[in-house]
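# Overview (structure and organization)
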Amino acid sequence: MTSISEQDFGFLRTFLREQSSIQLEPGKEYLAECRLTPVARALGLKDIAELVALIRRGTSVDARRRSLEAMTTNETSFFRDVHPFETLRDHVLPEIVRARAGERALNIWCAASSSGQEPYTIAMVIREHFPQVAGWRVRIIGTDISTEMLRRTREGRYSQLEINRGLPARLLLKYFERQGLEWQIKKELRDMVDAQEVNLAKRWPSWPIFDVIFLRNVLIYFDVATKREILGRARKLMRLDGALFLGGAETPMGLDDSLKRTQAGPSWCYRLAAASPAPQPLPRTA
Amino acid sequence: MKILIVDDSLAARSFIARMLTKQGHECVMASHGGEALERLTSEEVIELALVDWNMPFMNGLELVKAVRANSRRRDLPMLMVTSECELERVALAFEAGADEYLMKPFTDVELSSKIQLALASRAGTK
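Quick caveat: nothing in here was measured; it's all calculated off a predicted structure.

Cut-offs applied
Here the residue index of a chain counts from 1 through its sequence in written order. Both sets of labels track the order of writing: A upward for chains, 1 upward for ligands. Thresholds applied to this predicted model are a pLDDT of at least 70 for local features of residues and 80 or more for the giving and counting of side-chain atom pairs; totals over whole chains, interfaces and linings are not thresholded and use all residues. With hydrogens and water excluded, all non-hydrogen atoms of the structure serve as input to the side-chain values. Cavity means a closed set of points on a 1 Å grid over the protein atoms alone, one where a 1.4 Å probe fits but cannot get out, pocket means an open set with protein on both sides within 12 Å along at least 5 of 7 lines, and lining means a residue has an atom within 4 Å of a point. Grid points are joined across faces, edges and corners, and a volume is the space filled by probe spheres set on the points. Residues are grouped as follows: Ala, Val, Leu, Ile, Met, Phe, Trp, Tyr, Cys and Pro are nonpolar; Asp, Glu, Lys and Arg are charged; every other residue, Gly included, is polar. Relative accessibility under 20% of the residue-type maximum defines a buried residue, over 50% an exposed one, and the middle range a partly exposed one, all with a 1.4 Å probe and only protein chains included. We count a stretch as a helix when DSSP gives it H or I for four or more residues in a row; a strand needs E for two or more, and each element gets its number in order from the N terminus. Contacts were defined at the residue level, with two residues in contact if any of their heavy atoms lie within 4.5 Å. Strands are labelled as partners when DSSP assigns at least two bridges between them.

This part covers empty space enclosed by the protein. Residues and elements named next belong to chain A. Evaluated as defined, the whole model comprises 2 cavities of 30 Å³ or more. Estimated volume of the largest cavity: approximately 160 Å³. Lining the largest cavity are 15 residues, with Ala-112, Ile-145, Leu-200, Val-218 and Phe-222 positioned closest to its centre. Classifying every residue of the lining of the largest cavity gives 9 nonpolar, 5 polar and 1 charged. Roughly 120 Å³ of volume is contained in the second largest cavity. Taken together, 12 residues line the second largest cavity, and the ones lying closest to its centre are Thr-76, Arg-80, Ala-112, Glu-118 and Arg-216. Split into classes, the residues belonging to the lining of the second largest cavity amount to 3 nonpolar, 5 polar and 4 charged.

Shown next as structure tokens:
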């Protein structure tokens with residue numbers, strides 16, 4: 001039993017769909033309550049009904065933004081699911097780094113990157129295993145709809161629980177500094193990550209073509225038409241030999257037939273159908 | 001998996017054992033390094049040790065060093081589980097031969113994640 005009225009929940013579903021194309025299914029009232037109660041309190045409101053009334057009036061940009069952010073913030077951790085990063089390290093990056101030796105540049109996009117653990121994980125993988133790219137222009141763009149998550153990404157500060165979850169302590173030792181009760185990722189890695197505000201369902205900034213795109217565990221929140229639209233736009237931003245990573249429960253099947261699943265080591269990625277065959281593992285350099 | 005929990009605090013041992021038992025592991029306990037070494041000598045099937053740092057008689061760091069110097073148990077995966085949060089301490093633990101490092105406090109999610117990392121790290125050293 002939740003305290004959200006049917007009418008308010010209906011309004012929130014429409015609001016979320018219009019603002020971010022995110023589908024809030026019937027039965028997810030508990031999720032709205034759990035995410036929006038802290039927002040209501042932070043704004044000095046009595047309950048979610050007052051928050052919904054404020055959003056309806058359209059007079060508070062802050063209430064709309066905070067509510068949207070609270071409903072779209074996803075779970076994340078360093079090396080989340082582990083295996084996609086092994087595939088990236090052992091199969092995808094060796095081939096791409098070799099192919100870019102002339103350009104000396106790498107462009108990577110992490111969509112819906114939340115508080116930044118995913119782009120920083122990729123930055124650590126590059127620093128640890130690809131010393132030959134030192135001196136290259138390596139740009140990892142982390143995008144999210146939430147300004148709060150982007151602020152956290154830029155600061156690169158994490159709680160003890162966050163650094164305990166998935167991050168090998170040897171990497172903590174190498175790439176983090178203690179800041180009071182928190183841990184901050186070192187500047188050399190923060191400089192590799194560019195945090196940008198992007199609503200996937202709306203207009204995207206003009207970007208370079210990407211070598212690798214991480215679009216994990218975000219498509220599941222959109223309706224089919226928006227999934228197709230996002231995948232199509234992401235595909236157009238991929239280099240011909242680039243790689244796309246989706247979440248374990250996500251697939252482009254039936255949405256975009258020009259993306260082909262390529263098993264590579266313990267996990268898989270998606271490549272353009274016209275591109276080269278499955279990448280073979282190359283000996284690691286470090 | 002049979003896991004040895006080495007901690008001088010009964011409350012800490014029980015807390016960790018509860019989490020691990022829920023995840024399907026079997027736990028044995030020791031309250032300091034010396035007792036842990038005896039356990040490891042008599043119980044061949046122990047597959048992982050979770051080791052606190054500050055303990056009487058033989059502390060966690062000394063225990064890790066002693067196990068790594070023991071020809072029969074030197075490949076035992078060892079995870080330091082401690083409230084020592086300084087980077088210098090983390091470095092010392094790795095120098096002594098620990099496979100991973102978990103800082104207190106933590107939940108079952110972080111414990112499980114660090115156990116996987118410790119096992120993978122030890123497997124990678126063989």
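From this point, the discussion proceeds with the structure in view.
When we look at burial in helix H4 (residues 87-96) of chain B, the residues that qualify are B:Leu87, B:Val90, B:Ala93, B:Phe94 and B:Ala96. In the core, the buried residues of H4(B) are packed alongside helix H9 (169-175), strand E4 (176-179) and strand E5 (182-185) of chain A together with helix H3 (60-68), strand E4 (78-82) and strand E5 (100-103) of chain B. Once H4(B) finishes, B:Gly97 follows within two positions and takes phi at roughly 120°, a positive value.

So, on to the sheet that holds E5(A). Residue and element names in this part refer to chain A. Taken together, the 3 strands give an open sheet; going across it, the order is E3-E5-E4, and neighbouring strands pair in antiparallel fashion. What marks the edges here is a single partner per strand, and that holds for strand E3 (157-158) and E4. Pairing analysis gives 2 bridges linking E3 to E5, with the strands arranged antiparallel. Bridging across to E5, Arg-157 finds its partner in Gln-184.

Further remarks concern unusual backbone geometry. In terms of backbone geometry, most residues other than glycine have negative phi values and most peptide bonds are trans. Omega for the peptide link from B:Lys104 to B:Pro105 comes to 0°, which places this bond in the cis form. Of note, B:Pro105 is situated in the loop between E5 and helix H5 (108-125). Unlike most non-glycine residues, A:Asp81 shows phi in positive territory, near 75°. By secondary structure assignment, the location of A:Asp81 is in the loop between helix H4 (61-72) and helix H5 (83-99). Even without being a glycine, B:Phe57 presents a positive backbone phi close to 70°. Tracing the chain through its elements places B:Phe57 in the loop between strand E3 (48-51) and H3.

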